[in-house]
Amino acid sequence: MENVIPYRLQIVAITVALLFMFFIFRLISKGKLREEYSFVWFTCTALLVLFSIWRNGLDVIAKLLGVYYAPALVFMAAIFAIIIFLVHLSVVNSKQHEQIKKLAQELALLKNKLDDKSTQD
Amino acid sequence: MNKQLKVAIVIPCYNEQDNVLKLYQEIQNTPFPDFYSVSPIFVNDCSNDSTRIILIDNHINFIDLPVNLGIGGAVQTGYKYAFINGFDVAVQMDGDGQHPPVELSKILRPIFDNEADVVIGSRYLTKEGFQSTSLRRAGINYFKWLNKKLVGVTIQDSTSGYRALNKKALELVSDYYPDEYPEPEAIILYSLNHLKIIEVPVSMRERQGGESSIKRFKTLYYMVKVTLSTLFLYISIKSMKHK
């Protein structure tokens, strides 16, 4: 399976992966993406870059794992990663839900206290 | 009698413009014994009708939530209020007029007598007053069974929102209270934390306006959701205790 991917395609793949990495970097430096979420994206882009440089990497790993059709490995890994990330987002979402509830309650209780004070004065 | 006991009536309301004033006046006009004082506290759960305006115009003490938290979050806000302000007892009363204030002393008595930490007003212990629909009753029987299996307490009316909590229970619910459809789940919470629950018969009325938080097409979702959250709560409290 030597030289299945033409060099032109490889250059495109490397460029896209690097651009994506640059984009993530920009988001973090502008404060639009928190560092803790950026970790997973950096890992993804690093893998993209790795496999666009190491051309036979996919086949090597597929053979190692005994996967007959190498591209199936890509889909499996990608879907798995997406599911994990979605669960992670749900966890974050639930945590925020709790925090918002607490904030709303505190705010409402404070408003009530403030009204009490102003009617007494 | 040494000092007068302070009772907070927590009334969560979401779009109850037709009921709030009526309920407030009814509470004011109900004669209560001298040894306790009753303060109604309305919790406006970000209603989008004129509930808020009515509460302000009539100078009624209320807590105004900036975002809609749902019944559990609203009730918890009221419980927190009662706990912070040093009330001895908090009673939850629905904003739709289903829970008559005249029944209040029946619910409060076991707490004053130190017989219970949590008292639930049940409409099924005696066949008086409004008895609700057959579908709802089937659901209630299911929860009765579930509660008995999990924590070994039999509660006839686990969906009843007419409840009284003493200080010990208030401290617990200030920390955690279920969000959506909290009533059956809260029973598990109380019993696993060794609070004593007593059920007393009260008569209830048919709702006087507004909409029930349990609509018919949502019943199945309600059952599944409550079952799941009850089981999860049971497991998490049990595993916490083992550590």
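Attention here is on the structure that accompanies the text. All values reported here derive from a predicted model rather than from experimental measurement.

To continue, consider the packing of helix H5 (residues 134–151) of chain B against helix H7 (residues 182–192) of chain B. Residues and elements named next belong to chain B. Following both chains from N to C, one finds H5 and H7 inclined at 20 degrees, their axes separated by 11 Å at the closest point. When the axis of H5 is compared with that of H7, the two are roughly parallel. H5 and H7 meet at a crossing whose hand is right-handed. Where H5 abuts H7, its residues Phe143, Asn147, Leu150 and Val151 lie against Pro184, Ile187, Ile188, Ser191 and Leu192. Taken together, the residues of the contact of H5 with H7 break down into seven nonpolar, two polar and no charged.

Attention now goes to the interface of chain B and chain A. Opposite the 17 residues of chain B that make contact, chain A presents 12 residues. For the pair chain B and chain A, the summed buried area comes to about 1200 Å², and 55% of that belongs to carbon and sulfur atoms. Contact with chain A buries area across many residues of chain B, yet Pro66, Lys80 and Asp179 of chain B alone supply 33% of it, more than any other trio. Here lysine 111 of chain A ties to aspartate 64 of chain B by a salt bridge, and the two come within 3.5 Å at their closest N and O atoms. Counting the contacts that link chain B with chain A gives nine residue pairs in polar contact (both at pLDDT 80 or more). Mapped onto the side of chain B that touches chain A, the elements with two or more residues apiece are strand E3 (62–64) and helix H3 (70–84) of chain B. At six residues, the largest contribution of residues to the side of chain B that touches chain A is made by H3 of chain B. For the side of chain B that touches chain A, a count of residues per class yields 10 nonpolar, four polar and three charged.

Looking now at the state of the cysteines. Inspection of the entire model under this criterion finds zero disulfides over all chains. Between cysteine 46 of chain B, a free cysteine, and cysteine 13 of chain B, which holds the nearest cysteine sulfur, the sulfur-to-sulfur gap is 12 Å.

Turning to the pattern of salt bridges, a few remarks are in order. Considering all chains together, one arrives at 11 salt bridges over all chains under this definition. The salt bridge involving lysine 101 of chain A is made with glutamate 98 of chain A; its shortest N-O contact spans 3.9 Å. One end of the pair is lysine 101 of chain A and the other is glutamate 98 of chain A, both in helix H4 (residues 70–120) and three residues apart, which spans about a single turn. Glutamate 98 of chain A gets classed as partly exposed once you look at its relative accessible area, which sits at 39%. In the salt-bridge network here, residues are joined through shared partners; they are Glu98 and Lys101 of chain A together with Asp179 of chain B.

A separate point is a nonpolar patch on the surface. Residues and elements named next belong to chain A. Side chains of Leu47, Leu50, Phe51, Trp54, Val60, Leu64 and Leu65 sit close together on the surface and give an oily, nonpolar patch of about 670 Å² of accessible area. Secondary-structure elements contributing two or more residues to the nonpolar patch are helix H2 (35–53) and helix H3 (57–65). Mapped onto the secondary structure, leucine 50 falls in helix H2. Owing to a relative accessible area of 41%, leucine 50 belongs among the partly exposed residues under this scheme.

Turning to the layout of surface pockets, a few remarks are in order. Residue and element names in this part refer to chain A. Each pocket or cavity is described by its volume, and for the largest pocket that value is around 1300 Å³. For the largest pocket, the lining is made up of 42 residues, of which Leu47, Leu48, Phe51, Val74 and Ala78 are closest to its centre. Mapped onto the lining of the largest pocket, the elements with two or more residues apiece are helix H1 (7–29), H2, H3 and H4. In terms of residue count, the dominant contributor to the lining of the largest pocket is H4 (14 residues). The residue makeup of the lining of the largest pocket, split by class, is 32 nonpolar, seven polar and three charged.

Let us now look at H5 of chain B. Residue and element names in this part refer to chain B. With 18 residues, H5 extends 26 Å between its outermost C-alpha atoms, agreeing within 8% with the 26 Å of an ideal straight helix rising 1.5 Å per residue. Those residues of H5 that fall on the buried side of the exposure criterion are Gly139, Ile140, Phe143, Leu146, Asn147, Leu150 and Val151. Taken down its axis, H5 places every buried residue within 120 degrees of arc, on the same side. Set apart from the buried face of H5 by more than 90 degrees, the exposed residues are Ser134 and Lys149. Of the residues trailing H5, glycine 152 is marked for its positive phi of about 75 degrees.

Okay, the environment of asparagine 29 of chain B next. Residue and element names in this part refer to chain B. With respect to the helices, strands and loops of the structure, asparagine 29 is situated in helix H1 (residues 20–29). Given the relative accessible area of 63%, asparagine 29 is considered exposed. The spatial distance from the C-alpha of asparagine 29 to the C-alpha of glutamine 92 is 18 Å, given a sequence separation of 63 residues.

This part covers the sheet that holds strand E7 (residues 197–201) of chain B. Residues and elements named next belong to chain B. With mixed pairing, the seven strands of this open sheet are ordered in space as E3-E2-E1-E4-E6-E5-E7. Edge positions in the open sheet fall to E3 and E7, since each of these has one partner strand only. Geometrically, the sheet is characterised by an average inter-axis angle of 20 degrees between neighbouring strands, direction not taken into account. Bridge count between strand E5 (residues 118–122) and strand E6 (residues 163–166): three bridges; the pairing is antiparallel. The partner of isoleucine 120 across the bridge, within E6, is arginine 163. Across the sheet, helix H4 (residues 104–112) lies against strand E1 (5–13), strand E2 (36–44), strand E4 (89–92), E5, E6 and E7, angled at about 25 degrees from E6, the strand it touches most. In the packing of H7 onto the sheet, contacts are made with E4, E5, E6 and E7, and the angle to E6 comes to roughly 30 degrees.

Conventions adopted
For every chain, the first residue of its written sequence is number 1, and the numbers climb from 1 along that sequence. Whichever chain is written first becomes A and whichever ligand is written first becomes 1, with later ones labelled in order. Reporting of local features is limited, given that this is a predicted model, to residues whose pLDDT is at least 70; pairs of side-chain atoms are given and counted only at 80 or more, and all residues count toward the totals for whole chains, interfaces and linings. Heavy atoms throughout the structure, all of them, feed into the side-chain values; hydrogens and water do not. Comment: axis = line fitted to C-alpha atoms, over the contacting stretch for helices; angle = value between 0 and 180 degrees taken between N-to-C directions. The helix count covers DSSP runs of H or I at least four residues long, the strand count covers runs of E at least two residues long, and both are numbered beginning at the N terminus. Oblique is the label for any angle not under 35 degrees, not over 145, and not in the 65 to 115 range, which are roughly parallel, roughly antiparallel and roughly perpendicular in turn. A clockwise turn of the near helix away from the far one marks a right-handed crossing, whereas an anticlockwise turn of less than a right angle marks a left-handed crossing. Contact definition: two residues touch when any of their heavy atoms are within 4.5 Å. Note that Gly is not counted as nonpolar here; it falls among the polar residues with everything else outside the nonpolar set of Ala, Val, Leu, Ile, Met, Phe, Trp, Tyr, Cys and Pro and the charged set of Asp, Glu, Lys and Arg. A simple way to read buried area is as the amount of 1.4 Å-probe accessible surface that goes missing from two parts once joined, with both sides added. Here, a salt bridge means any Lys or Arg side-chain nitrogen found within 4 Å of an Asp or Glu carboxyl oxygen. Under this definition, polar contacts are N or O atom pairs within 3.5 Å; protein pairs additionally need one hydrogen-donor-capable and one acceptor-capable atom, and for neighbouring residues in sequence, both atoms have to be side-chain atoms. Note on disulfides: each one is a pair of cysteine sulfur atoms within 2.5 Å. For every residue, the accessible area (1.4 Å probe, protein chains only) is compared with the maximum for its type, and the residue is labelled buried under 20%, exposed over 50%, or partly exposed between those bounds. A patch consists of residues exposed above 30% relative accessible area that lack any salt bridge, with like charges linked at up to 9 Å and nonpolar side chains (Val, Leu, Ile, Met, Phe, Trp, Tyr) linked at up to 5 Å. Only the protein chains shown count as cover for residues, and the accessible areas themselves come from Shrake-Rupley with a 1.4 Å probe. Here a cavity means grid points, on a 1 Å grid over the protein atoms only, where a 1.4 Å probe fits yet cannot get out; a pocket means an open set of points with protein on both sides within 12 Å along at least five of seven lines; lining residues are those with an atom within 4 Å of a point. Grid points are joined across faces, edges and corners, and a volume is the space filled by probe spheres set on the points. An expected span of 1.5 Å times one less than the residue number is assigned to each helix. It is the directions from the helix axis to the C-beta atoms that the arc portrays. A strand pair is defined by DSSP finding two or more bridges across the two strands.

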